[in-house]
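This is what each chain is made of:
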Amino acid sequence: MGEIDTERQKLNCFRMRELGATVVPVKSGSRTLKDAVNEALRDWVTNIRTTHYIIGSAVGPHPFPDIVRDLQSVIGNEARAQMLNQTSGEFGHPTFTNGPGRLPDLVVACVGGGSNAIGMFNAFLEDKEVRIIGVEAGGEHGPWLPDGSDTDKHSATLTKGTVGVLHGSRTYLLQSPDGQIKETHSISAGLDYPGVGPQHASLKACGRVEYVFATDQQALDAMRTVSRKEGIVPALEPSHALHQTMEFAKSLPKDKIVLVNLCGRGDKDMLHVAKARGVVIDTDVKLNKTDFAQQ
Ligand SMILES: Cc1ncc(COP(=O)(O)O)c(C=O)c1O
């Protein structure tokens, strides 16, 4: 895991260690997801007889994007079955019979490397009447400043990227004209990646899926709104999708159905969100001898 992400995702790291994993902070490059993938691929090709490479996003060389899409498709297939109250067939849900009985009009998901989004979108690609939207990280201001000039403080790969090769696949990348990968920015560790899974590159190129972005502040605001209105604390990543969902919903008639992929809980982000809001949380809990005696 990139060293910066071990800090941004401190609680996740602690949880992984409690489960028995060894988390190695990657200190090269921008110390985020791109560099963690570099190091994992390097380690794998060096120790190929004794290790196996696994990746949680739909990026990397074939067949990894396909494997990740197929595993994540459980969510899209079930969401579609629930929408249709479909209880039989390959993707039928065994008990759910309380959905609207029709397909959604709009499906929205956030896109970092693209795994949660492709898992959701895949089920609806053949349903031409369903509009599908992927939401990337617009970072501090989006890819352009208010005066129209460019900024690099974002991770909006499909909005602003150009075609190139990274981590074994040809896709859209945030890169300099001579092909050097640019440093990206997002408040959410999961969206802070200069590439995107090749399936999304293809879906953008053929026009089946539209890709937009939400900024750090818009994601923070959406996270708070959904926490307060729904009692669900979403992760920062899907909060980007939630912002755009609320924006699209403003112009939709009330009988339209929007399906949004809430792909993660915000617990892991709480320390980072507190920092972004200027709140200091003292996590330095000191146990004294009597606390130990009681255990
Ligand atoms: C909760 C959550 N959502 C979304 C993402 C983005 O990844 P992907 O685009 O592969 O779903 C991440 C990545 O770490 C994540 O932790």
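All figures in this text were calculated on a predicted structure; none of them were measured in a lab.

## Some details on a nonpolar patch on the surface
Then, number 1: On the surface, a nonpolar cluster with roughly 210 Å² of combined accessible area is contributed by L11, V233 and M270.
Then, number 2: With respect to the element layout, M270 can be found in helix 10 (residues 270-276).

## Some thoughts on the site of the ligand
Then, number 1: Around the ligand lies a shell of 15 residues, among which S57, G112, G114, S115 and N116 are the nearest.
Then, number 2: Here an oxygen atom of the ligand sits 2.7 Å away from a polar atom, N or O, in the side chain of S115.
Then, number 3: Between N116 and the ligand, the recorded distance is 2.8 Å, taken from a side-chain N or O atom to an oxygen atom.
Then, number 4: Its free accessible area being 390 Å², the ligand has 80% of it covered by the protein chains.
Then, number 5: When the residues that make up the shell around the ligand are grouped by side-chain class, the tally is five nonpolar, eight polar and two charged.

## What about the packing of helix 8 (residues 216-230) against helix 9 (residues 236-250)?
Then, number 1: For the pair helix 8 and helix 9, the least separation of the axes is 8 Å and the interaxial angle reads 85°. One way to sum up the angle between helix 8 and helix 9 is to call them roughly perpendicular. Facing Q218, A219, L220, A222, M223, T225 and V226 of helix 8, the residues of helix 9 in contact are L236, S239, H240, L242, H243 and M246.
Then, number 2: Class assignment of the residues belonging to the contact of helix 8 with helix 9 gives a composition of eight nonpolar, five polar and no charged.

## Focus: the environment of T87
Then, number 1: Examined against the element boundaries, T87 turns out to sit in the loop between helix 4 (64-84) and strand 1 (106-110).
Then, number 2: Separated by 10 residues in the primary sequence, T87 and T97 have C-alpha atoms spaced 7.5 Å apart.

## What to know about the sheet that holds strand 6 (residues 258-260)
Then, number 1: Judged by pairing direction, the sheet is parallel, and its four strands sit side by side in the order 5-2-1-6 without closing on themselves. This sheet does not close on itself; its edge strands, each paired only once, are strand 5 (209-215) and strand 6. In this sheet, neighbouring strand axes are inclined to one another by 25° on average, regardless of whether the strands run parallel or antiparallel.
Then, number 2: Where strand 1 and strand 2 (residues 131-139) come together, five bridges link them in parallel fashion. The partner of V107 across the bridge, within strand 2, is I132.

## Some remarks on the domain arrangement of the protein chain
Then, number 1: The assigned domain composition of the protein chain is domain 1 (1-54) and domain 2 (57-284).
Then, number 2: Computed over C-alpha atoms only, the centres of domain 1 and domain 2 are separated by 22 Å.
Then, number 3: Counting residues at the interface gives 16 residues for domain 1, matched by 17 residues for domain 2.
Then, number 4: Between domain 1 and domain 2 lies a buried interface of about 1,600 Å² when both sides are counted; carbon and sulfur atoms form 65% of it.
Then, number 5: Of all residues in domain 1, R8, L11 and K34 give up the largest surface area on contact with domain 2, accounting jointly for 37% of the area buried on that side.
Then, number 6: Across the contact surface, domain 1 and domain 2 share one salt bridge.
Then, number 7: The partner of D192 in a salt bridge is R8, with the nearest N and O atoms 3.0 Å apart.

## Considerations on the nonpolar core
Soluble globular proteins: nonpolar side chains tend toward being buried together.
Then, number 1: One finds F121 and F124 to be the most contacted residues of the largest nonpolar core, which totals 36 residues.
Then, number 2: Taken together, the elements giving at least two residues each to this core come down to helix 3 (33-46), helix 4, strand 1, helix 5 (115-121), strand 4 (169-173), helix 7 (198-205) and strand 5.
Then, number 3: Residue-level mapping places this core at the junction of two domains, with at least three residues from each of domain 1 (1-54) and domain 2 (57-284).
Then, number 4: Setting aside anything within four residues of it in sequence, one finds F124 in contact with G76, A79, R80, L103, P104, V107, V130, I132, R208 and L259.

## Brief notes about the layout of surface pockets
Then, number 1: Roughly 1,500 Å³ of internal volume is contained in the largest pocket.
Then, number 2: Around the largest pocket, the lining comprises 45 residues; the ones closest to its centre are M1, L33, I55, G56 and S57.
Then, number 3: Only helix 2 (10-18), helix 3 and helix 5 provide two or more residues apiece to the lining of the largest pocket.
Then, number 4: The leading source of residues in the lining of the largest pocket is helix 3, at seven residues.
Then, number 5: When the residues that make up the lining of the largest pocket are grouped by side-chain class, the tally is 21 nonpolar, 17 polar and seven charged.
Then, number 6: A domain-level breakdown of the lining of the largest pocket finds at least three residues from each of domain 1 (1-54) and domain 2 (57-284).
Then, number 7: If you add up the space inside the second largest pocket, you get close to 230 Å³.
Then, number 8: Around the second largest pocket, the lining comprises 11 residues; the ones closest to its centre are E7, K10, L271, H272 and K275.
Then, number 9: Of all the elements in the fold, those that place two or more residues in the lining of the second largest pocket are helix 1 (3-8) and helix 10.
Then, number 10: The dominant element in the lining of the second largest pocket, judged by the number of residues it contributes, is helix 10, at four residues.
Then, number 11: Broken down by class, the residue content of the lining of the second largest pocket amounts to five nonpolar, two polar and four charged.
Then, number 12: Both domains that meet at the lining of the second largest pocket, namely domain 1 (1-54) and domain 2 (57-284), each give it at least three residues.

Procedures and definitions
Residues numbered from 1 in each chain as written. Predicted model: local features only at pLDDT ≥ 70, side-chain atom pairs only at ≥ 80, totals over all residues. Heavy atoms only, no water. Patch = residues over 30% accessible without salt bridge, like charges linked within 9 Å, V, L, I, M, F, W, Y side chains within 5 Å. Areas by Shrake-Rupley, 256 points an atom, 1.4 Å probe, with all protein chains shown as cover. Salt bridge = Lys/Arg side-chain N within 4 Å of Asp/Glu carboxyl O. Helix = DSSP H or I, 4+ residues; strand = E, 2+ residues; numbered from the N terminus. Near = heavy atom within 4 Å. Polar contact = N/O pair within 3.5 Å; in protein donor to acceptor, adjacent residues only side chain to side chain. Nonpolar A, V, L, I, M, F, W, Y, C, P; charged D, E, K, R; others polar. Axes fitted to C-alpha atoms, helices over the stretch in contact; angles between N-to-C directions. Parallel < 35°, antiparallel > 145°, perpendicular 65-115°, else oblique. Contact = heavy atoms within 4.5 Å. Pairing = 2+ DSSP bridges. Domains from an automatic or database assignment. Buried area = accessible area lost by both parts, 1.4 Å probe. Core = buried A, V, L, I, M, F, W, Y, C linked by side-chain atoms within 4.5 Å. Buried < 20%, exposed > 50% of the residue type's maximum accessible area, 1.4 Å probe, protein only. 1 Å grid on protein atoms, 1.4 Å probe; cavity = no way out; pocket = protein on both sides within 12 Å on 5 of 7 lines; lining within 4 Å. Points joined across faces, edges and corners; volume = space filled by probe spheres on them.

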